[in-house]
Amino acid sequence: QVQLAESGGGLVQAGGSLRLSCAASGRTLSSYVMGWFRQAPGKERDFVAHITCSGGSTYYTDSVKGRFTISRDNAKNTVYLQMNSLKPEDTAVYYCAARHTLLREYHDWGQGTQVTVSS
């Protein structure tokens, strides 16, 4: 099991930037696909981005392409989500999640960090 802890959320004006971090413990992340998800009030949790084990490939949901960047530092056991040009509709609790490369489903989740974008 991987323990995940997100940080870096906060309140920012539209157009601003935040960088979220997800620190892992309990396992080294080099064998895990890492993802970021978000859940807005009254809505389901949605996929935002993921990054493969080596960091060589990334994928984003359409609404954040060109604005968000997922990255990882396996030596630090940490995954990041750089969020630029933030919009009010990006307001949500952001979660990181881990999925072992041999598995299909994300199985370890952090507690989430709140991101609020004011207009």
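The preceding data block contains the structure.
Residues numbered from 1 in each chain as written. Predicted model: local features only at pLDDT ≥ 70, side-chain atom pairs only at ≥ 80, totals over all residues. Heavy atoms only, no water.

### Let's talk about the packing of aromatic side chains
Then step 1. By the definition in use, this model includes 5 aromatic pairs.
Then step 2. Summarising the aromatic geometry, the rings of Phe-37 and Tyr-106 are spaced 5.1 Å apart at their centres and angled 80° between planes, so their arrangement reads as edge-to-face. On the criterion of sequence distance, the pair formed by Phe-37 in strand E4 (residues 32-39) and Tyr-106 in the loop between strand E9 (92-100) and strand E10 (108-109) is long-range, its members being 69 residues apart. One exposure class covers both Phe-37 and Tyr-106, and it is buried.
Then step 3. Their ring planes at 55° and their centres at 6.2 Å tell us that Tyr-106 and Trp-109 sit as a pair that is tilted.
Then step 4. Judged by its relative accessible area of 30%, Trp-109 is partly exposed.
Then step 5. In textbook terms, an aromatic cluster arises when at least three aromatic residues are bridged by ring pairs, as seen for Phe-37, Phe-47, Tyr-59, Tyr-106 and Trp-109.
Then step 6. The aromatic ring of Trp-109 is capped on one face by Arg-45, whose charged end is 3.8 Å from the ring centroid. (Phe/Tyr/Trp six-rings, centres within 6.5 Å; stacked < 30°, edge-to-face > 60°. Helix = DSSP H or I, 4+ residues; strand = E, 2+ residues; numbered from the N terminus. Buried < 20%, exposed > 50% of the residue type's maximum accessible area, 1.4 Å probe, protein only. Lys NZ or Arg CZ within 6 Å of the ring centre and 35° of its normal.)

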